[in-house]
Amino acid sequence: MASVAIREAPTDAKTSVVIFGATSALAQATARQLAERGLRLHLVARNAEKLASVAADLSARGASINTTQADLDQIDQHDQLLDSIGGIEECWFFYGVLPDQQQCEIDWQATATALHTNFTSTASLLTRVANQLASRNRGLIVVVSSVAGDRGRGSNYVYGSAKGALALFCQGLRNRLAPHGVRVLTVKPGFIDTPMTAHVEKKPAALWATPERVANDMLKARDGRRDVLYTPWFWQPIMCVIRSIPERVFKGLSL
Amino acid sequence: MTDKYRSWGFATASRQRAIVPRWAPEIEQFPKAQEQWGNHSRLAFGRGRSYGDSCLNSAGYLVDTSALSRFIHFDRETGNLSAEAGITLGQILDLVIPAGWFLPVSPGTRYATLGGAIANDVHGKNHHVDGTFGRFVSRLSVHRSNGQTVDCSPRSRSDLFNATIGGLGLTGVITRASLHLIPITSDQLAVRFDRFRGIDQFMSLSSGCHDSHQYSVAWLDCVSRGKNFARGVFMSANHLDERTTLDLTRTRKRIGIPFSLPSRILNKYTIGAFNSAYYLAHKPRHARTVCQHYKSFFYPLDAIGNWNRIYGTRGFHQYQFVVPPGAESVLETLLKKIVSSGAGSFLAVLKEFGTIKSPGLLSFPRPGLCLALDFADRGDATVQLIRALDLQVREAGGAAYPAKDRLMPAESFRAYFPRLNEFLPHVDPESSSDFWRRVSG
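Residues numbered from 1 in each chain as written. Chains lettered and ligands numbered in written order. Predicted model: local features only at pLDDT ≥ 70, side-chain atom pairs only at ≥ 80, totals over all residues. Heavy atoms only, no water.

*Asks:* Can you tell me about the overall build of chain A, naming the residues and giving the values?
*Replies:* Assigned secondary structure in chain A consists of 11 helices and nine strands. Counting only carbon and sulfur atoms, one obtains 54% of the accessible surface of chain A, whose full area is about 12,600 Å². (Helix = DSSP H or I, 4+ residues; strand = E, 2+ residues; numbered from the N terminus. Areas by Shrake-Rupley, 256 points an atom, 1.4 Å probe, with all protein chains shown as cover.)

This is the structure we're talking about:
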């Protein structure tokens, strides 16, 4: 009897948790926690050297790791990429860029590139992954958006609009996939101390969180039933206030 | 510029510049940092657990290695571990203990980094049987200022390897290292406590446990005089295994240390009272053996976050020295000086070092008696006291520990480290520290 059970079990063994953008600081902190739970991880990232060092770290911690090096901006290769990964049970989207807003204001190409990476490319992968999960009537998708997507600000609207669009896309996807038993969790972190924000002055210090803290919050949300997570928690009331400021007043604020 | 980078004794008010590489190849950023700051010298900075100025570089910049904290490989069968240099000993322990392995040498804090443990060739309570941390390093990589990363081991480039063990970060930035771990069957230790009075009694306890106990260390009262002079509590321990039998009826909590006291309350009366309480808390005469978790045995102070703050913002000095075998009377003389100065602290640690040699050219541990103690910084009086102690340590043929120091003069440094001339050719041309500028001047 036992041998039969073992032969039937592999539905789980074959599937894995896929992490897109696995070398980001937030992805690394999250992957360590997922690895501790004994999950099989499939890491996807652009830089092969960094990917190898993250994979080695997680393997040393006892996790079972696969890796695929890929430039996720190349949308025409997404199908091939997902085929090579195989059965997906759960996937996390971490990748993104923080563009130079001033450069984007004078250079459409810079804006287009940022929108492509931060929204179009992720939407492309989401579309394909969503269908795969829906056909199996189970699964979890976690997408890292940003509080910057909650309101267009003069100082950061290129990044913000892509993240805002992504959150809206996920909201729709969540409602479409709910009847199929597939869950979509949108994460809206505030300021995180990572290489992406290395050049930003960390003030006020109380608003800056470590990747580990945000990863902790995300893991808790993963295990719960939440649809949208603000992390750390205080961003929820802050963004509630920021969203409710009348545009007439907001225009006068230099945010 | 930031004041985030301080040493554990708050040694300096000078601000430090730093780059924070997130990936080892980013250490290459240094030409950019040079250009930006118009200076050249650099120094790796881990978690700032050195007490003095050996971890600071006010004239140049620091390479903050805290983000270089990934494991590279861990072989659960052989106990060989490779990791980036910024990983802390605690992070290593969290991974390896459940797999039945332990650090071959543990310094007093689990927050020290792998790179720092190598650069200071740290020692632990098992020095008498196992020697220093550097003896268990099988391989390491050093990033030199010419842009090359050199792999070295006891067999290949052993000259650079030996210079880097205990080399105070001056041979370049250590980026990664491999280590032999030791097997354990429990995260607990069987710890035996014996009271002693006088250095002679300490010596007989210490030599008596050489063969029977892997770990030994003593807490020494450096406040009391008269009949209580040089009293203390001697601790000897082994990792617990199935064969250990314990008299568990005697197990009880160790006395709590009143660290929540405001620093102003730390004076010779309260410190004296603490010393008496600690001594008396350990049952008189007959020894007892208890079971202790590895964290409370090896890292008792780590339980109190930022314990260095008890000395207030002025900080404190730590002075750690070793006197050679046969010079026990010098230690007694020094202790008398400390007692009569009234500057003694409550954290004095006495340990007999063994004879096992380290590969490190500038390694501090050497055979003899080693004492470490804190002095709250009371300005000139403290400096005078430490200078006077240093003079006698030098005369006795002893040595002081650079990782704890911010006062050592150049002539002492040369006397303490006779292999300095072998070391000098390996100093990276663009590596330096506040300590190095002082002692190499």
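*Asks:* For the overall build of chain B, give the residues involved together with the corresponding values.
*Replies:* For chain B, the count of helices and strands is 13 helices and 18 strands. The buried share of chain B, reckoned over its 441 residues, is 59%. Contacts spanning at least 24 positions in sequence make up 73% of the contacts within chain B whose residues lie at least 6 apart. Of the roughly 17,500 Å² of accessible surface on chain B, a fraction of 51% belongs to carbon and sulfur atoms. (Buried < 20%, exposed > 50% of the residue type's maximum accessible area, 1.4 Å probe, protein only. Contact = heavy atoms within 4.5 Å.)

*Asks:* Lay out the interface of chain A and chain B with the relevant residues and their values.
*Replies:* Taken together, the contacts link 14 residues of chain A with 13 residues of chain B. Its largest share of buried area at the contact with chain B, chain A owes to Lys 50, Ala 60 and Arg 61 of chain A, together 38% of the area lost on that side. On the surface where chain A and chain B come into contact, there are one salt bridge. A salt bridge links Asp 193 of chain A to Arg 22 of chain B; the shortest N-O distance between them is 3.8 Å. At the junction of chain A with chain B, the criterion picks out three residue pairs in polar contact (both at pLDDT 80 or more). Residue assignment for the side of chain A that touches chain B shows that the elements contributing at least two residues are α3 (25-36) and α4 (48-60) of chain A. Here the residues of the side of chain A that touches chain B sort into four nonpolar, four polar and six charged. (Buried area = accessible area lost by both parts, 1.4 Å probe. Salt bridge = Lys/Arg side-chain N within 4 Å of Asp/Glu carboxyl O. Polar contact = N/O pair within 3.5 Å; in protein donor to acceptor, adjacent residues only side chain to side chain. Nonpolar A, V, L, I, M, F, W, Y, C, P; charged D, E, K, R; others polar.)

*Asks:* Which residues make up the environment of Ala 237 of chain B, and what are the values?
*Replies:* All names here are of chain B. Mapped onto the fold, Ala 237 is located in strand β13 (residues 231-239). Spatially, the C-alpha atom of Ala 237 lies 6.3 Å from that of Ser 216, the residues being 21 residues apart in sequence. Setting aside its immediate chain neighbours within four residues, Ala 237 contacts Leu 189, Ala 190, Val 191, His 213, Gln 214, Tyr 215 and Phe 297.

*Asks:* Which residues make up the packing of α3 of chain A against helix α9 (residues 211-223) of chain A, and what are the values?
*Replies:* All names here are of chain A. Packing of α3 against α9 brings their axes to within 8 Å, and their N-to-C directions diverge by 50°. In terms of their interaxial angle, α3 and α9 are classed as oblique. Our pair here, α3 against α9, has a crossing hand that is right-handed. In this structure, α3 contributes Ala 25, Leu 26, Ala 29, Thr 30, Gln 33 and Leu 34 to the contact, and α9 contributes Pro 211, Glu 212, Val 214, Ala 215, Asn 216, Met 218, Leu 219 and Arg 222. When the residues that make up the contact of α3 with α9 are grouped by side-chain class, the tally is nine nonpolar, three polar and two charged. (Axes fitted to C-alpha atoms, helices over the stretch in contact; angles between N-to-C directions. Parallel < 35°, antiparallel > 145°, perpendicular 65-115°, else oblique. Left-handed = near helix turned anticlockwise from the far one by under 90°.)

*Asks:* Give me the lowdown on the pairing of strand β14 (residues 288-293) of chain B, citing residues and values where you can.
*Replies:* Residue and element names in this part refer to chain B. Only one face of β14 is buried, namely the one carrying Arg 288, Val 290 and Gln 292, since none of Thr 289, Cys 291 and His 293 on the opposite face is buried. Strand direction decides the pairing type here: strand β11 (residues 188-197) and β14, joined by six bridges, are antiparallel. By the bridge assignment, Gln 188 is partnered in β14 with His 293. (Pairing = 2+ DSSP bridges.)

*Asks:* Mind laying out the environment of Leu 81 of chain B, listing which residues take part and the relevant values?
*Replies:* All names here are of chain B. Checked against the element boundaries, Leu 81 lands in strand β5 (residues 80-84). Its relative accessible area of 0% is what places Leu 81 among the buried residues. Residues Leu 81 and Ile 92 lie 11 residues apart in sequence; the distance between their C-alpha atoms is 8.8 Å. Every residue in contact with Leu 81, bar those within four places of it in the chain, is listed here: Phe 71, His 73, Phe 74, Ile 92, Leu 95, Val 96, Ala 177, Ser 178, Leu 179 and Leu 181.

*Asks:* Can you lay out the sheet that holds strand β6 (residues 182-189) of chain A for me, pointing to particular residues and giving the numbers?
*Replies:* Residue and element names in this part refer to chain A. Spatially, β3-β2-β1-β4-β5-β6-β9 is the arrangement adopted by the seven strands of the open sheet, whose pairing is parallel. Unpaired on one side and paired on the other, β3 (64-69) and β9 (228-231) mark the two borders of the sheet. Pairs of neighbouring strands in the sheet enclose a mean axial angle of 20°, with direction left out of account. Here six bridges tie strand β2 (residues 40-45) to β3, and the two strands are oriented parallel to one another. Bridging from a neighbouring strand, His 42 pairs with Asn 66 of β3. Packing of helix α8 (residues 157-177) onto the sheet brings it into contact with β5 (139-144), β6 and β9, and relative to β6 it is tilted by some 160°.

*Asks:* Please provide a residue-by-residue account of the pairing of strand β12 (residues 215-220) of chain B, values included.
*Replies:* Successive residues of a regular strand alternate their side chains across the two faces of the sheet. Residues and elements named next belong to chain B. In terms of residue burial, β12 counts as a mostly covered element, since six of its six residues are buried. Going residue by residue along β12, you find Tyr 215, Val 217 and Trp 219 tucked away on one face and Ser 216, Ala 218 and Leu 220 tucked away on the opposite face as well. Where β12 and β13 come together, six bridges link them in antiparallel fashion. Across the sheet, Leu 220 pairs through a bridge with Gly 232, a residue of β13.

*Asks:* An account of the confidence of the model for chain B is needed here, citing residue identities and associated values.
*Replies:* The share of residues in chain B with pLDDT of 70 or more is 88%, and the mean pLDDT across the chain is 87. Note on residues 247-263 of chain B: pLDDT under 50 across the span, and 27 contacts to partners over four residues away in sequence or across chains. (pLDDT = per-residue confidence, 0-100.)

*Asks:* Any chance you could break down the pattern of salt bridges for me, citing the residues and the numbers?
*Replies:* Between side chains of opposite charge, a pair can form as their charged atoms come close. The final tally for this structure, using the stated rule, is 25 salt bridges over all chains. In this structure, the salt-bridge partner of Asp 57 of chain A is Arg 61 of chain A, at a minimum N-O distance of 3.1 Å. Given the relative accessible area of 24%, Arg 61 of chain A is considered partly exposed. Its salt-bridge partner being Asp 377 of chain B, residue Arg 406 of chain B comes within 3.7 Å of it at the nearest N-O pair. Of this pair, Arg 406 of chain B sits in the loop between β18 (399-400) and α11 (410-416) while Asp 377 of chain B sits in the loop between β17 (368-376) and α10 (380-395), placing them 29 residues apart in sequence. Comparing Arg 406 of chain B with Asp 377 of chain B shows no difference in burial state: the two are buried. Linked through salt bridges whose partners overlap, the residues forming this network are Arg 37, Glu 90, Arg 222 and Asp 223 of chain A.

*Asks:* Could you give me a rundown of helix α9 (residues 328-341) of chain B, with the residues and numbers involved?
*Replies:* Residue and element names in this part refer to chain B. If you check α9, its first and last C-alpha atoms are 20 Å apart, about what 14 residues at 1.5 Å a residue would give, namely 20 Å. Buried residues of α9: Val 330, Leu 331, Leu 334, Leu 335, Ile 338 and Val 339, and no others. Against the buried residues of α9 lie α6 (198-208), β12, β15 (316-323), β16 (349-353), β17 and α10. Where α9 ends, the next residue or the one after it, Gly 342, has phi of about 70°, a positive value. (Expected span 1.5 Å × (residues − 1).)

*Asks:* Would you mind going over the side chain of Asn 120 of chain B in detail, with residue names and values included?
*Replies:* Residue and element names in this part refer to chain B. By the secondary structure assignment, Asn 120 is in the loop between α3 (114-119) and α4 (127-130). Of the residues examined, Asn 120 reaches a relative accessible area of 14% and is grouped as buried. Excluding residues that lie within four positions of it along the chain, Asn 120 makes contacts with Ser 50, Gly 166, Leu 168, Tyr 401 and Ala 403.

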